[in-house]
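Chain residues, written in single-letter form:
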2 protein chains.
Amino acid sequence: MTLPARAQEPGTTTTIHTEGAGAVRRTVLPGGLRVITESMPTVRSAAFGIWSAVGSRDEAPADAGASHYLEHVLFKGTGRRSALEISAAIDAVGGDLNAFTAKEYTCYYARVLDSDLPLAVDVVSDMVAESLNRPEDVEAERGVILEEIHMRDDDPGDLIHDEFATALYGDTPLGRPILGTEDSINALSRDRIHGYYRERYVPSGLVVSVAGNIDHDEVVRMVSRAFGGHLTGDAAPAAPRVGGAPVPLDPRTVVIDKDTEQAHIILGGAGTCRTDDRRFALGVLNAALGGGMSSRLFQEIREKRGLAYSVYSYTAQYADSGIFGVYAGCQPAKAEEVLSICRDELGKAADESLTDEELERGKGQLRGAMVLGLEDTGSRMSRIGKSELVYESLLPVDEVLARIEAVTLDDVRAIAREVLAGPQALTVIGPVGDREFAA
Amino acid sequence: MTLPARAQEPGTTTTIHTEGAGAVRRTVLPGGLRVITESMPTVRSAAFGIWSAVGSRDEAPADAGASHYLEHVLFKGTGRRSALEISAAIDAVGGDLNAFTAKEYTCYYARVLDSDLPLAVDVVSDMVAESLNRPEDVEAERGVILEEIHMRDDDPGDLIHDEFATALYGDTPLGRPILGTEDSINALSRDRIHGYYRERYVPSGLVVSVAGNIDHDEVVRMVSRAFGGHLTGDAAPAAPRVGGAPVPLDPRTVVIDKDTEQAHIILGGAGTCRTDDRRFALGVLNAALGGGMSSRLFQEIREKRGLAYSVYSYTAQYADSGIFGVYAGCQPAKAEEVLSICRDELGKAADESLTDEELERGKGQLRGAMVLGLEDTGSRMSRIGKSELVYESLLPVDEVLARIEAVTLDDVRAIAREVLAGPQALTVIGPVGDREFAA
């Protein structure tokens with residue numbers, strides 16, 4: 001059973017559904033802060049996360065990289081804790097404290113032993129709600145982020161994903177890199193970063209998600225205490241980032257001549273958006289084409305011909321758009337051959353159908369990955385937190401499994417025709433001089 | 001309680017100890033094949049691994065890379081299954097099938113839902129016991145491994161670890177890269193690979209380890225069936241790789257001029273070997289120096305000065321040697337400054353002591369990381385499998401925690417003086433021309 005999450009009033013708690021041994025419960029606090037928990041009574045740990053509905057696609061061009069920059073600065077100190085005191089508190093109990101910024105959200109989290117949950121709630125909530133964003137901290141962190149950009153540039157298997165997004169989406173919010181650019185990072189002022197924080201990090205735009213050996217009511221009490229004076233007013237939780245007009249694509253071919261050992265290649269185009277019902281069929285297609293060692297691309301490019309070590313397909317989903325892409329790293333002299341095999345396999349999958357065996361295997365892969373992932377408190381915390389931000393409602397695991405099971409060969413054929421026959425962008429990084437490649 | 005594992009006769013089963021809800025049990029099958037399991041009744045999955053006591057340090061120079069090459073070839077097919085049938089079987093149930101080769105061992109593993117354990121036992125055992133190593137498969141895989149080497153070369157943060165091992169150990173089995181070199185891979189023949197397999201992959205040199213929702217006796221039955229005719233004779237399990245004469249070090253400074261954005265640096269020297277009682281004190285020192293965000297190196301280099309994104313210290317342990325090293329990636333122009341801060345911090349830690357707070361925090365980090373890791377079937381499978389291969393006996397978790405707790409400031413000071421004051425090797429990769437660096 002799935003309750004429409006939006007209907008809930010501040011100050012009330014709902015049991016969304018029960019899954020296995022544990023229950024998923026949700027409370028809306030004053031100010032619109034949502035607390036969503038999943039109890040896992042058989043584990044001894046807890047994962048605590050705070051999700052902000054802000055990501056790099058919310059940035060104006062002049063702010064490019066601000067969401068990620070801010071994520072860094074939030075580790076630098078509050079009125080109660082220095083940067084060292086923040087990290088030392090979690091290190092002392094052997095927990096993991098970290099954060100990541102995506103195009104549509106930002107997450108701060110800690111994974112700790114269950115007895116250390118009160119500490120994690122206090123530290124992470126303090127970081128997110130009470131950050132000082134001092135000018136000297138913003139300055140020191142600027143150097144760190146520039147080095148993060150340089151590190152990304154030094155790893156072509158990483159760089160190519162950012163370059164591909166730009167090749168597909170152009171100079172748009174979805175096409176720009178999450179890290180920003182050297183120029184945009186150098187141009188961002190402390191006031192701009194701080195203003196971004198004050199404006200966007202408000203209780204109604206935040207979701208607290210917790211999974212593990214926890215009690216929902218206790219978590220709500222701890223979070224209420226930690227957020228203190230911020231929890232006032234009757235603001236409703238922000239609506240999820242759903243739908244919107246389709247994002248226009250302008251797929252291009254981008255070839256970057258670089259002195260590397262391998263040619264790194266991504267070929268891809270539009271996939272499905274996050275709420276598209278066809279995402280399960282695309283998941284099966286992705287599994288069959290390049291999702292595992294038994295997939296067509298792995299078999300053709302690596303097993304039979306030994307042309308690549310790393311070859312895979314992948315999907316990315318956003319509110320109103322998505323990506324289906326294929327990556328391969330190979331000898332520069334073999335780039336055309338590898339690309340030609342990729343095109344052949346994409347073409348075959350669009351023209352013909354999967355086999356019954358591939359359909360069943362693809363479903364098994366999605367099912368197994370989902371169920372195996374549920375043993376981890378961090379994965380459960382992410383699932384419920386992200387769902388709260390970006391979906392209208394949380395799909396229970398059983399319903400996800402049923403949707404996977406319901407996918408037919410016709411469903412896969414239909415999405416393959418649309419996705420694989422559409423315009424494709426191509427990115428190649430390697431010592432390829434001025435060789436021409438065509439998507 | 002810890003039983004000396006070596007005392008056990010083939011055909012018998014011992015309960016090594018019980019931990020939490022589950023028990024660790026061990027059976028020696030005819031031929032000397034060991035089966036060690038840990039039951040975790042609250043999970044729904046199982047991790048199944050087969051460990052071989054063979055790694056890159058067992059290779060003669062002419063065989064460099066053979067252990068890892070063989071690991072790849074074992075996925076290519078048996079009398080009963082093609083490469084596709086091996087991967088498809090595990091993909092169909094959504095499991096993870098993979099392998100890795102280290103300097104002292106090689107592991108093949110699958111993580112699956114508990115109900116799929118019989119399948120995993122059958123497939124992974126078949127791969128390891130019945131590999132055909134056909135000439136055409138060895139040829140196809142040669143290209144894959146060359147691309148794996150090229151991919152490693154394209155990621156300087158990865159490459160530098162291999163270069164550092166060579167700078168520290170020279171052209172010795174521990175100093176040579178696990179992947180081999182282009183030349184050694186090109187020179188390895190099918191007969192050489194197959195001979196290596198026939199000679200080294202014998203039941204007495206293998207350990208089967210399983211963790212999850214499993215029953216020991218059932219696992220033993222499944223493994224006995226899967227290994228079939230190989231399980232004959234009264235060979236005793238191979239002795240663990242313990243001790244030996246200390247490995248002579250010849251620490252050098254290696255500077256590789258390369259067109260990257262960052263300078264990548266590792267400075268380090270001898271750590272402790274795997275069975276050295278001082279390894280727990282070195283673990284605390286490592287945590288305090290560069291093991292987390294609250295560590296001295298992170299604070300000095302990243303938090304205060306913004307000079308690096310990635311900066312950490314690490315340890316590696318082998319039977320008779322070990323590494324303690326520090327990595328940083330920074331602007332090439334700042335390499336000397338970063339190196340100087342690293343040296344200062346290592347010097348201070350060797351001359352002075354940690355604070356009481358750092359000691360307690362370091363212990364907390366080791367304790368938490370250990371306990372949090374125990375929720376994962378894969379981590380548990382690795383712990384018991386690796387212990388069986390490389391230790392005289394399996395230390396129960398409680399005993400590991402007690403050893404961590406027992407570390408004193410004096411212990412840390414003693415190991416710091418020895419490790420940090422010894423001769424250091426230095427590796428720098430980046431656009432540094434012929435600048436000179438000194439370890």
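Here the structure is a predicted model, which means the values were calculated and not measured.

Rules and cut-offs
- Residues numbered from 1 in each chain as written.
- Chains lettered and ligands numbered in written order.
- Predicted model: local features only at pLDDT ≥ 70, side-chain atom pairs only at ≥ 80, totals over all residues.
- Heavy atoms only, no water.
- Buried < 20%, exposed > 50% of the residue type's maximum accessible area, 1.4 Å probe, protein only.
- Helix = DSSP H or I, 4+ residues; strand = E, 2+ residues; numbered from the N terminus.
- Pairing = 2+ DSSP bridges.
- Contact = heavy atoms within 4.5 Å.
- Buried area = accessible area lost by both parts, 1.4 Å probe.
- Salt bridge = Lys/Arg side-chain N within 4 Å of Asp/Glu carboxyl O.
- Polar contact = N/O pair within 3.5 Å; in protein donor to acceptor, adjacent residues only side chain to side chain.
- UniProt positions renumbered as here; feature names shortened; annotations may be inferred.
- Arc of directions from axis to C-beta.

Description of the pairing of strand β4 (residues 45-52) of chain B
Residue and element names in this part refer to chain B.
Part 1 of the reasoning: Of all eight residues making up β4, eight are buried, and the element is well covered by its neighbours.
Part 2 of the reasoning: Burial along β4 is two-sided: Ser45, Ala47, Gly49 and Trp51 and Ala46, Phe48, Ile50 and Ser52, pointing in opposite directions, are all buried.
Part 3 of the reasoning: Sheet topology note: the β4/strand β6 (residues 106-113) ladder contains eight bridges and is antiparallel. If you follow Gly49 over to β6, its bridge partner there is Tyr109.
Part 4 of the reasoning: Here β4 pairs with strand β7 (residues 206-212) via seven bridges, running antiparallel. Each bridged residue has a counterpart across the sheet, and for Ala47 the counterpart in β7 is Ala211.

So, the interface of chain B and chain A
Part 1 of the reasoning: Taken together, the contacts link 60 residues of chain B with 60 residues of chain A.
Part 2 of the reasoning: Taken together, the two surfaces of chain B and chain A that pack against each other cover about 4,900 Å², and 56% of this comes from carbon and sulfur.
Part 3 of the reasoning: On the chain B side of the interface with chain A, the three residues burying the most area are Asp154(B), Tyr309(B) and Leu372(B), jointly 14% of the side's total.
Part 4 of the reasoning: Joining chain B to chain A, the criterion identifies six salt bridges.
Part 5 of the reasoning: Taking the shortest distance from any N to any O, the salt bridge between Glu303(A) and Lys76(B) comes out at 2.5 Å.
Part 6 of the reasoning: Scanning the region where chain B abuts chain A turns up 35 residue pairs in polar contact (both at pLDDT 80 or more).

Let's talk about the UniProt feature "domain: Peptidase M16 C-terminal" (unreviewed entry) in chain A
Part 1 of the reasoning: Here, UniProt's "domain: Peptidase M16 C-terminal" (unreviewed entry) annotation points to residues 188-366 of chain A.
Part 2 of the reasoning: The straight-line gap between the two end C-alpha atoms of residues 188-366 of chain A is 42 Å; of that span, 40% is helix and 22% is strand.

Considering the pattern of salt bridges
All names here are of chain A.
Part 1 of the reasoning: Tallying each qualifying case throughout the model produces 77 salt bridges over all chains.
Part 2 of the reasoning: A salt bridge links Glu300 to Lys304, with the shortest nitrogen-to-oxygen separation between them at 2.6 Å. Of this pair, Glu300 and Lys304 both sit in helix α10 (residues 296-304), four residues apart, which is roughly one turn of that helix.
Part 3 of the reasoning: Salt bridges here are not isolated pairs; linked through shared partners, they connect Arg57, Glu104, Arg274 and Asp320.

Focus on helix α7 (residues 190-200) of chain A
All names here are of chain A.
Part 1 of the reasoning: Here α7 has its buried residues at Ile193, His194, Tyr196 and Tyr197. The arc that holds the buried residues of α7, viewed along the axis, is 155 degrees, so those residues lie on one side. Of the residues in α7, the exposed ones pointing more than 90 degrees away from the buried face are Asp191, Arg198 and Glu199.
Part 2 of the reasoning: Elements that come into contact with the buried residues of α7 comprise α1 (66-73) and α3 (117-129).

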